[in-house]
Amino acid sequence: MAAKIRQPGWYRALAFSILGVLVCLALSTGLRAAFAVEPVYDSTSVLQISLLMVPLFFLGGIGCFDYWLRWASGRTVVDDHADHGAKSWRDYFKVNTDHKVIGIQYICVSFVFMFIGGLMAMLVRAELAAPGRQFVDPNTFNGIFSIHATLLIFLFVIPIFAGIANYVLPLMIGAPDMAFPRLNALSFWMLPVAGVMMLLSFLAPGGSFAAGWTAYAPLSVDAPIGQAFFTIAVQFAGASSIATALNFLVTIITMRAPGMTFFRMPLLVWANFSTSLLVVIATPFIAASQFMVILDRALGFNFFNPANGGDVLMYQHVFWFYSHPAVYIMMLPGFGIISEVLATRARKPIFGYRMMAFSLLAIVLLGFTVWAHHMFVSGMSDWIRIPMMITTAIIAIPTGIKIFSWVATLWRGVLKMDTPMLWAVGFIAMFTLGGISGVMLAMVPLDIHVSDTYFIVAHIHYVLFGGSLFTIFAGIYFWFPKMTGRMFNERLGKIHFWLTFIFFNVTFAPMHLIGVQGMPRRVSDYAEQFATWNMIISIASFVVGLSSLIFLYNMIVSWRTGPEAGPNPWNSLTIEWQVSSPPPIFNFDAIPSVVGGPYEYGVPGAVHAVFADSKPEPVAVGASEAD
Amino acid sequence: MLLAISVVASVVGIIFMLALDWFPEQGSSIAAPIDTFWDVLVVVSVPIFVAVTAMMLFSIWRWRQRPGEEDLDGPPIHGSTKLEVIWTIVPTVIIAALTTYAAILLVDIQSAPAKGTRVVNVNGVQFAWDFETKTAAGPVKSAKLYLPINEPVKFNVRSADVIHDFWVPAFRLKVDAVPGITTTYNLTPTKLGTFEVVCAELCGLGHAYMRQTVTVLTAERYATVMAGLAKQAGAPAPAAGASTDAVGKQMFVAGNPATGATACGACHTMKAAGTTATTGPNLDEILQADDAAGIMEMIVNPNKEIVAGYSKGIMPANYATTMTKPQLDALVKYIDQSVHGEG
């Protein structure tokens, strides 16, 4: 037992966490006694400090800091790669530095939170199936939809893209791992900490946080202690995001294989490069907004208290300066996935490769100039509205370039309409709808009417569910054979797609209508006139929920007993498919040299990369446009 | 052929979208231009969506992999500068046109009100609106909003606690009520009738129930109503009728929907009323030592004293305005009897 507690792992994490609580208790009571604050023991104070500090003790216990601390204390550090790569399933529950293990850890943990967050959505729809009160009180209802959004944004869409890229990106650029493997492990382990903290808020006195995922002040400042779980959990999720983004940037800039110029990079790499730029610039802003809330709550700083010179609107400006770019953080990696899937399954080069890359960068730049379009009715200065409307509408241009280029990629291809391709094509149609309603929302006179209604709910689900989630499914099905070495069940994959696609639309399309007709969002009760549509929406949403169980079954069973996939089942040119499935522990036995563009389908004898020991003389073909 | 199908599909799509009954009734001067703007957006949007999907469906139909084509690749087309220029410029032109239209419309609907425009102060509190109309005889307070038809009105919107949003869907009007600042909006009601006032910004527990009404009246009728409201404010409360107990119980379990008073039972457990909610403290337990005066104080001034484990600012602090004096008296009597076992 004592030996187990000395070793990094779950026993030590538990012991350290308990120690952490005791330290926080001592800190709180000690300071209160020293400054003669009555009562000396205050559970809220202890809880608040614990939320900030116990996660650090947990991360230390599980082993995230061992190497660094040993190095910093001047002891000899032997790196024998003992914590690199997984030899059994148990290794997935330990701190590991292999990007492939971390990728799968990310993906699995994110899906756990997807199912929990999806379950919350079912509860929301059950309550809304009919007007009046069904089975939860208003406080619980507000908590459920707040946690639904928070989990799916911070613990699912953002991290699962980081997970997919973690697995695929180093392989794609011919790198043996990420640039900072230990930082990579730390980034991952902060996620479950954040997610569990959010869920634990249900147990807090006064209920879970219930101010929405936007947590507008002063509502979030006055709310019961459950709100602190959100405020602090977001810090950990944000720190994880920033660390991963830095890791991606350094990896992409410094670790590309010989010959991998920027314009020979697959678009998924470009997409993650762009996303990481967004993350490192924008994420500190949400951290700031939440720090201000916690300082207001715990220490009476009055950032958002107008009676003492605070400014309520400032919260929204700082919050949206992150949270609008966050929309692209949740979309650009998906754009990358779609480009990979389309080129490979349509057997054609991506149409207009360079414009595809440049439009990503254009979205990054424009993404920082539009945040106040979330605030057209907030009471901010009127003049800001027109410039923000124009910049917002302009984003439709680079986004349109991407959509039209994807459609042109399909043109005259040899289209293999299998599961990843169905999700990709479904994504383009649904995302086009979400983009159109987005342009409508940018138009201030219309936005004044539909802001904060179900029209917004419809729009964000068309871009985040029909958009992001569809790309996630496309990507998971596409790289499943690479990650597991096995093939999924194609039939179940297709059933999953069609059920989700149809009932997704039945769920969210009518929300446009009831929104314009006047149903506000975030309400547990609504006027009688919306009853019929809400019943239809609720029933359809349950089918969407059930269809995800088909996905779960397919993934689990195929992972265990699916047929061998072989190294390159899609006959793709990019580097990750030129190694075994799953790849060797350090990815490549020989360093690949990149000799051409990533999507030279249809060019006879074209290859993207060659390995030092490969026999045939390569036919070097540039990405015509690209070289 | 693809073009023909796209045109037909676009026309069908536009007709379908325009035929849907999207908006609530047009109750104000700004409603019609906004609804027209929506129609324009629909007419522009549908062909774009149809073009994208038609191209994709056509490609899938025409070029999906047939048996024997498993090892075939498509032609290596890398792009077309001409096409790329077209699909950059066309959306740019559309966007420029739409934003210009929207900007002109916005300037129109937010034009400054004429001097002497009637002013209504709209105050949001958790979880109700109260309205204060400035009249020659002084300000008139009401829990329902009354407006005269075809006369411009300016709203000064404020909040006493958290952010609310003052929305009348029939007016197409919406603006946040922000603590610390006054936001404004002006328009002219153009239709007689009673319309919903909705809070559109999540403001806490009772957000969904923060719904009241605005009634638009003819000028004569409006004058009468306002005079009545002004008189009522000064008059003593009428004596309670015989059905005090029934009124008290009704207030407890159903609140006063007319003014937006939230039902006590929505949040509190009280055995006699059969309510079991746990958002607020259990009244059977916490009111044992309180008399009628104490209970009244807790209802009209709920933030003064907070039961341990609960938070300030959750219970509506507006019962003094959303319930009449007789209603409050009946409610207090009912609660008093219930918790002390006399009822």
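Everything quoted here is computed from the prediction, not taken from an experiment.

Trainee: Mind showing me how you'd approach the overall build of chain A here?
Mentor: Secondary structure summary: chain A contains 20 helices and two strands in total. Taken over the C-alpha trace, chain A has a radius of gyration of 25 Å; the compact-globule value for 627 residues is 25 Å, and the two agree within 12%. Each of the three principal axes of chain A carries a C-alpha extent, and together these read 80 × 65 × 45 Å. Looking at the 627 residues of chain A, the share that counts as buried comes to 65%. Restricting to contacts in chain A with at least 6 residues of sequence separation, those with at least 24 account for 78%.

Trainee: Sorry if this is basic, but what is going on with the side chain of Thr399(A) here?
Mentor: Residues and elements named next belong to chain A. Take Thr399: it is sitting in helix H15 (residues 396–410). We classify Thr399 as buried; its relative accessible area is 14%. Here the side chain of Thr399 touches Ile395 through a polar contact of 2.7 Å, landing on its backbone oxygen.

Trainee: How should I be thinking about the domain arrangement of chain B in this particular structure?
Mentor: How big an interface is tends to be stated in terms of the accessible area lost upon association of its parts. The domain architecture assigned to chain B consists of domain 1 (2–60 + 82–109), domain 2 (118–234) and domain 3 (244–339). The distance between the C-alpha centroids of domain 2 of chain B and domain 3 of chain B comes to 26 Å.

Trainee: I'm lost on the nonpolar core in this one. Help?
Mentor: Ranked by internal contacts, the top residues of the largest apolar core, which has 271 residues, are Phe111(A), Phe154(A), Trp406(A), Trp479(A), Phe155(B) and Phe166(B). By residue number, the principal contributor to this core is helix H6 (residues 138–172) of chain A, which donates 23 residues. Grouped together as the second largest cluster of nonpolar side chains are 19 residues, Met251(B), Ile295(B), Tyr319(B) and Tyr334(B) included.

Trainee: Would you explain the sheet that holds strand S5 (residues 153–159) of chain B in this entry?
Mentor: Within a beta sheet, neighbouring strands are joined by backbone hydrogen bonds and run either parallel or antiparallel to one another. All names here are of chain B. Ordered in space as S3-S2-S1-S5-S8, the five strands form an open sheet in which the pairing is mixed. Each of the sheet's edge strands pairs with one partner strand only, and the pair in question is strand S3 (138–142) and strand S8 (183–187). Strand-to-strand twist across the sheet, computed as the mean angle between neighbouring axes with direction ignored, equals 25°. Of the strand pairs in this sheet, strand S1 (residues 118–125) and strand S2 (residues 128–135) are connected by six bridges, and their pairing is antiparallel. The residue bridging Val125 from the neighbouring strand is Ala128, located in S2.

Trainee: Would you take a moment to explain the domain arrangement of chain A for this structure?
Mentor: Residues and elements named next belong to chain A. When cut into domains, chain A gives domain 1 (2–72), domain 2 (97–330) and domain 3 (357–372 + 392–563). For domain 2 and domain 3, the distance between their C-alpha centroids amounts to 19 Å. Surface buried jointly by domain 2 and domain 3 totals about 4000 Å² across both partners, of which 77% is contributed by carbon and sulfur atoms. The largest share of the area that domain 2 buries against domain 3 comes from Phe115, Arg125 and Pro131, three residues that together contribute 16% of it. Taken together, domain 2 and domain 3 are joined by eight residue pairs in polar contact (both at pLDDT 80 or more). Per-element tally for the side of domain 2 that touches domain 3: the top contributor is H6, with 13 residues. Residues belonging to the side of domain 2 that touches domain 3 are distributed by class as follows: 38 nonpolar, eight polar and two charged.

Trainee: I tried to follow the pairing of S1(B) on my own but got confused; where do I start?
Mentor: In the case of a regular strand, side chains alternate between the two sheet surfaces. Residues and elements named next belong to chain B. Among the eight residues in S1, six count as buried, and that is most of the element. Across seven bridges, the pairing between S1 and S5 is parallel. In the sheet register, Val120 faces S5, and the bridge partner there is Phe155. Connecting S1 to the antiparallel partner S2 that follows it, the hairpin turn spans two residues.

Trainee: Sorry, what's going on with a nonpolar patch on the surface here?
Mentor: On the surface, a nonpolar cluster with roughly 550 Å² of combined accessible area is contributed by Leu546(A), Leu549(A), Leu552(A), Tyr553(A), Ile556(A) and Val557(A). Assignment of secondary structure puts Tyr553(A) in helix H20 (residues 531–561).

Trainee: Would you mind showing me how to read the state of the cysteines here?
Mentor: Simply put, disulfide is the name for a covalent bond between the sulfur atoms of two cysteines. Applying the stated rule across the entire model yields zero disulfides over all chains. The thiol of Cys108(A) is unpaired, and the distance to the nearest cysteine sulfur, on Cys64(A), comes to 18 Å.

What counts, and where the lines are drawn
- Residues numbered from 1 in each chain as written.
- Chains lettered and ligands numbered in written order.
- Predicted model: local features only at pLDDT ≥ 70, side-chain atom pairs only at ≥ 80, totals over all residues.
- Heavy atoms only, no water.
- Helix = DSSP H or I, 4+ residues; strand = E, 2+ residues; numbered from the N terminus.
- Rg over C-alpha atoms; globule rule 2.2 N^0.38 Å.
- Buried < 20%, exposed > 50% of the residue type's maximum accessible area, 1.4 Å probe, protein only.
- Contact = heavy atoms within 4.5 Å.
- Polar contact = N/O pair within 3.5 Å; in protein donor to acceptor, adjacent residues only side chain to side chain.
- Domains from an automatic or database assignment.
- Core = buried A, V, L, I, M, F, W, Y, C linked by side-chain atoms within 4.5 Å.
- Pairing = 2+ DSSP bridges.
- Axes fitted to C-alpha atoms, helices over the stretch in contact; angles between N-to-C directions.
- Buried area = accessible area lost by both parts, 1.4 Å probe.
- Nonpolar A, V, L, I, M, F, W, Y, C, P; charged D, E, K, R; others polar.
- Patch = residues over 30% accessible without salt bridge, like charges linked within 9 Å, V, L, I, M, F, W, Y side chains within 5 Å.
- Areas by Shrake-Rupley, 256 points an atom, 1.4 Å probe, with all protein chains shown as cover.
- Salt bridge = Lys/Arg side-chain N within 4 Å of Asp/Glu carboxyl O.
- Disulfide = S-S within 2.5 Å.

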